[in-house]
Structure formats: structure tokens, C-alpha cells
Amino acid sequence: MATIADKLQLVRGRIARAVSEFGRPPGSVTLLAVSKTFPAVTVREAVAAGQHQFGENYVQEALDKIAELADLRDQITWHLIGPLQSNKTRVVAEAFDWVHTVDRLKIAQRLSEQRPAHLPPLQVCIQVNTSGEDSKSGVAPEEALALARAVAALPRLQLRGVMGLPAPSPDPAEQRRQLHAVRVAFDVLQSEGLPLDTLSMGMSADLEVAVEQGSTLVRVGTALFGQR
Ligand SMILES: *Cc1c(COP(=O)(O)O)cnc(C)c1O
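Residues numbered from 1 in each chain as written. Predicted model: local features only at pLDDT ≥ 70, side-chain atom pairs only at ≥ 80, totals over all residues. Heavy atoms only, no water.

### What about the site of the ligand?
Heads up, the rule is: Here a residue counts as near a molecule or strand whenever at least one of its heavy atoms sits within 4 Å of it. In protein, a polar contact means a hydrogen-donor-capable atom and an acceptor-capable atom, both N or O and within 3.5 Å, with residues adjacent in sequence counting only if both atoms are side-chain atoms; elsewhere, any N or O pair within 3.5 Å suffices. Calculation of accessible area relied on Shrake-Rupley with a 1.4 Å probe; when residues are assessed, cover is drawn exclusively from the protein chains displayed. Residue classes follow a fixed rule: Ala, Val, Leu, Ile, Met, Phe, Trp, Tyr, Cys and Pro count as nonpolar, while Asp, Glu, Lys and Arg count as charged, and any other residue, Gly among them, counts as polar.
Around the ligand sit 13 residues in total, of which K36, N57, S204, T222 and R228 are the nearest. Within the contact set of the ligand, an oxygen atom lies 2.7 Å away from a side-chain nitrogen or oxygen of K36. T222 places a polar side-chain atom, nitrogen or oxygen, 2.5 Å from an oxygen atom of the ligand. When the free accessible area of the ligand is taken as 390 Å², the share hidden by the protein chains comes to 89%. Looking at side-chain class alone, the shell around the ligand contains six nonpolar, four polar and three charged residues.

Laid out in C-alpha cells, this is it:
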């Protein structure tokens, strides 16, 4: 059985090969380990193997894990990558370092008001919906600029970039089209003067295509921790 350390090495190798193949600068793609449904002890093992960025989908599950791993708090950056309802913004603003799934101004305003003053600003991405009507999450690309400008103006938040979650498709061309659309949304915001550095897209199955399309942060679960 491959250990988590082995699988981290494999995934880091996949990223490094894609970075080189697509002419991206060395070190320009960060690995976010998606630990949803896996226990705190698994995260602990990954930290011991040198992984420090973790993504969680479900707020309550994440809060339990963050509490259990309090002794490692300064070694872990916690990212919320799942949907966020407005009744959960306070606990998220208190416990997480990043939120990738901001798709409404109301959520961003609450996070901004509720981010404790003793913590650094919450790092946020705007989630862009590139799959049309099949997904309820994410702002339509044509509305992303207005939302991004409003979010960037809020105190206690730092807008870092754009997150994309293409609808699953058996067609690789459709996957690439959606990843490309996220990239275009990111470029539009940057060209409008927003100082963004994070393009969060790519998962276990499509991280190479995501790197080809400019991803700076790939969110990988299954390839590191196994099937959920
Ligand atoms: C679960 C999840 C991932 C990781 O997906 P894998 O296919 O297991 O690598 C990435 N991003 C989001 C938003 C997820 O919910």
C-alpha cells in the first residue's frame, strides 16, 4: 500500500511535469490537499509528510477537524472549498484562513463583518460558474467583475482570485472548455486592475489540463487520500 507520503510525492510529480510541459514558471502551482471525509489523523500524517495547505467542503466536519488539530494550527492553512450558507459565515470567518466559494456579496459582507480583528484578513476567491444551468454554485462570468470589485472593497477580506469547479463531463474537450472559461474570467478581472494571484482549479482527474489552462492552485483529494 502506498503511504500518504508516497502519494504526495506522486501528485507533486504530476504537477511538476505539467508545469514543465506547459511552460509555466517552476513553483507556480500550489497543491491544496482536499481532506474532506478523511479523519484528523490522516491530515496529521500528511502534515508530517510536508503538506501544509488543506481544503475542506463541509463546515461542521472541518470545524471538528480544526479543533482536533489545534496543536498544528500554525502549520496548516485551512481552505473552505465547499458551499457556504449565510448562517455559517461567523464560524467560518473565525476558523478558516481562506474561502474559495464566495459567489454572493451578502456572504462576503458577513465574512468581512465577522472576521475577528486579531486575525489576518480572510483570503477569498470568487467562485465562477462555467457550466451554465447545471450548477447552482458560482457567479455567472458576466457578473464576476461587479462582484469582485465589491468584495475587493470590503475590509477584513483580501480578494485573491477566482475558483472554478467544472461540472463533471466524460468529454475532455468540455472539461478543457470550462477550465479555459475560468481562466478567461480570471484574466478579465486582472485586466480590470484587480491584483489577483490565485486561479483555483483542477482536481485529481484534470489537474494537468488545469495547469495547462493557467491554474495556480490545484485541489486534490482522491489521488492523495483514496476514494471517499
Ligand atoms: C472534493 C473536491 C475536490 C477534490 O476532488 P478529487 O477529485 O477527489 O481530487 C476539489 N474541489 C472541490 C470543490 C471538491 O469538492
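### A few points about helix 3 (residues 59-68)
Using the following cut-off: The buried label goes to any residue with under 20% of its type's maximum accessible area, the exposed label to any with over 50%, and the partly exposed label to all in between, with areas taken from a 1.4 Å probe on protein chains only. Numbering of helices and strands runs from the N terminus, with a helix taken as a DSSP run of H or I at least four residues long and a strand as a DSSP run of E at least two residues long. Each direction from the helix axis to a C-beta atom contributes to the arc, which is the arc of those directions. Contact definition: two residues touch when any of their heavy atoms are within 4.5 Å.
All buried positions along helix 3 are accounted for by V59, A62, L63, K65 and I66. All buried residues of helix 3 fall inside an arc of 165° around its axis, so they share one side. With respect to the buried face of helix 3, the exposed residues turned more than 90 degrees away are A67 and E68. Against helix 2 (40-48), strand 2 (53-56), strand 3 (77-80) and helix 4 (89-95) lie the buried residues of helix 3.

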